[in-house]
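Close look at the chain arrangement
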Amino acid sequence: NSVFYAGLWYSWARIINKDLLIKHKFTSGIYYEDLALIPILYIRAKNIIHIKEAIYWYRLNQNGITLSQSKANSGKTIESFEIIIEQYLKLYEEEKNQHIISTIMQIYYLLCTSACVRLNLFQSFKFVKAYKARLDKLGFEQLLRNNLTVHKKLYYFYLYPYPYLSLLCLGIYTRDKYRLIKGR
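Residues numbered from 1 in each chain as written. Predicted model: local features only at pLDDT ≥ 70, side-chain atom pairs only at ≥ 80, totals over all residues. Heavy atoms only, no water.

**Looking at a nonpolar patch on the surface**
Which entries qualify depends on this criterion: Grouping into patches uses exposed residues only, defined as over 30% relative accessible area, and leaves out salt-bridged ones; the cut-off is 9 Å for like charges and 5 Å for nonpolar side chains (Val, Leu, Ile, Met, Phe, Trp, Tyr). Each accessible area is a Shrake-Rupley result for a 1.4 Å probe, and residues are judged covered by the shown protein chains and nothing else. Salt-bridge detection follows one rule: a side-chain nitrogen of Lys or Arg within 4 Å of a carboxyl oxygen of Asp or Glu. Comment: elements are numbered from the N terminus, with helices defined as DSSP H or I runs of at least four residues and strands as E runs of at least two. Three exposure classes are used, based on accessible area relative to the maximum for each residue type with a 1.4 Å probe and protein chains only: buried under 20%, partly exposed in between, and exposed over 50%.
On the surface, Leu8, Tyr10, Trp12, Ile15, Ile49, Ile51, Ile55, Tyr56, Tyr58, Leu60 and Leu67 cluster together into a nonpolar patch covering about 1,200 Å² of accessible area. Relative to the elements of secondary structure, Tyr10 occurs in the loop between helix H1 (2-6) and helix H2 (18-23). A residue is classified by how much of its surface remains accessible, and Tyr10, at 37% relative accessible area, is partly exposed.

**Describing the side chain of Asn97**
Note the cut-off: Throughout this description, a polar contact denotes any pair of N or O atoms lying within 3.5 Å of each other; where both atoms belong to protein, one of them has to be capable of donating a hydrogen while the other can accept it, and for residues adjacent in sequence the pair is counted only when both atoms sit in side chains. What makes two residues a contact is simply this: any of their non-hydrogen atoms within 4.5 Å.
Within the secondary structure, Asn97 sits in the loop between helix H4 (71-95) and helix H5 (98-118). Within the structure, Asn97 has its side chain in polar contact with the backbone nitrogen of His99 (distance 2.7 Å). When sequence neighbours within four positions are dropped, the list of residues in contact with Asn97 reads Ile43 and Tyr92.

**Describing the state of the cysteines**
Test applied: When two cysteine sulfur atoms lie within 2.5 Å, the pair is treated as a disulfide.
Applying the stated criterion to the full structure yields 1 disulfide. Two residues share a disulfide in this structure: Cys116 and Cys169, whose sulfurs sit 2.0 Å from each other. Of this pair, Cys116 sits in helix H5 while Cys169 is found in helix H9 (residues 161-182), placing the two residues 53 residues apart along the sequence. You'll find Cys116 and Cys169 in the same group, each marked buried. Take Cys112: it sits in no disulfide, and the sulfur closest to it among the cysteines is that of Cys116, at 9.4 Å.

**Some remarks on the nonpolar core**
Filter applied, for reference: Grouping buried Ala, Val, Leu, Ile, Met, Phe, Trp, Tyr and Cys residues that are joined through side-chain atoms within 4.5 Å yields what is termed a nonpolar core.
Membership of the largest hydrophobic core comes to 48 residues, with the highest contact counts inside it found for Ile104, Tyr108 and Phe140. Elements represented by at least two residues in this core include exactly H1, helix H3 (33-44), H4, H5, helix H6 (121-137), helix H7 (140-145), helix H8 (152-159) and H9. Here the element with the most residues in this core is H5; it accounts for 11 residues. Residues contacting Ile104, with those up to four places away along its chain left out, are Ile85, Tyr88, Leu89, Tyr92, Leu135 and Phe140.

**Description of the packing of H5 against H9**
Let me state the cut-off plainly: In this analysis an axis means a line fitted to C-alpha atoms, helices contributing only their contacting stretch, and an angle means the value between N-to-C directions, from 0 to 180 degrees. Angular relationships are summarised with four words: roughly parallel below 35 degrees, roughly antiparallel beyond 145, roughly perpendicular across 65 to 115, and oblique for the angles in between. Crossing handedness: left-handed means the near helix sits turned counterclockwise from the far one by under a right angle, and right-handed means the same turn made clockwise. Residue type decides the class: Asp, Glu, Lys and Arg count as charged, Ala, Val, Leu, Ile, Met, Phe, Trp, Tyr, Cys and Pro as nonpolar, and the leftover types, Gly among them, as polar.
Contact geometry of H5 with H9 gives a least axis separation of 10 Å together with a crossing angle of 40°. Judged by the inter-axis angle, H5 sits oblique to H9. The interaxial crossing formed by H5 with H9 has right-handed handedness. Packed against H5, whose contacting residues are Tyr108, Tyr109, Cys112, Thr113, Cys116 and Val117, the element H9 presents Pro161, Tyr164, Leu165, Leu168, Cys169 and Ile172 at the interface. Counted by class, the contact of H5 with H9 contains 11 nonpolar, 1 polar and no charged residues.

**Some details on the side chain of Ser80**
You can see Ser80 is positioned in helix H4. Residue contacts for Ser80: discarding those within four places in its chain leaves Ile30 and Tyr31.

**Looking at H6**
Heads up, the condition is: How far a helix is expected to stretch is found by multiplying one less than its residue total by 1.5 Å.
Taking 1.5 Å of rise per residue, 17 residues should cover 24 Å, and H6 covers 24 Å from first to last C-alpha, within 8% of that figure. For H6, every residue scored as buried is listed here: Leu121, Ser124, Phe125, Phe127, Val128, Tyr131, Lys132 and Leu135. Contacts made by the buried residues of H6 are with H4, H5, H7, H8 and H9. Measuring from the side-chain oxygen of the N-cap residue of H6 to the backbone nitrogen of Phe122 gives 3.0 Å; that N-cap residue is Asn120. Gly139 sits one or two positions beyond H6 and adopts a positive phi of about 80°.

Below is the structure:
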């Protein structure tokens, strides 16, 4: 449960049995392909072993998919999150697995907040409108209320997405204006 709660799905942080990778493959042509695959591998795995020792070091790449704010990169990021959330919504409708609920909420949050940061507030509202209705129809409010694999931040985002995104965009705007004034 703690892995789904944390939602850190980096493929480089895992050693995966090849039989799982034969059955389940990375989605090509999208960003965040590890988010599209690793939770599924956790659900399908018979055994999972965690180690505390760091065996891999990650470096931040200012031009990578996570940090680059180019128009092309932003569009591909949003498109990728849409593909991934659709994949998990379909899987949830088939399996009704509580861990999939957590993953869907993580992707919904990432999609909406990325749209706010990379596009604008009103674009992020379009994603809320499109996906919140679908999640409501699946009974997500009740499912999230007692689901220990879902971070409380995601639960509150689900309940109050419009104020959350408005405050996020206001915070980004204020930060950027401050940087301009200070000359950074």
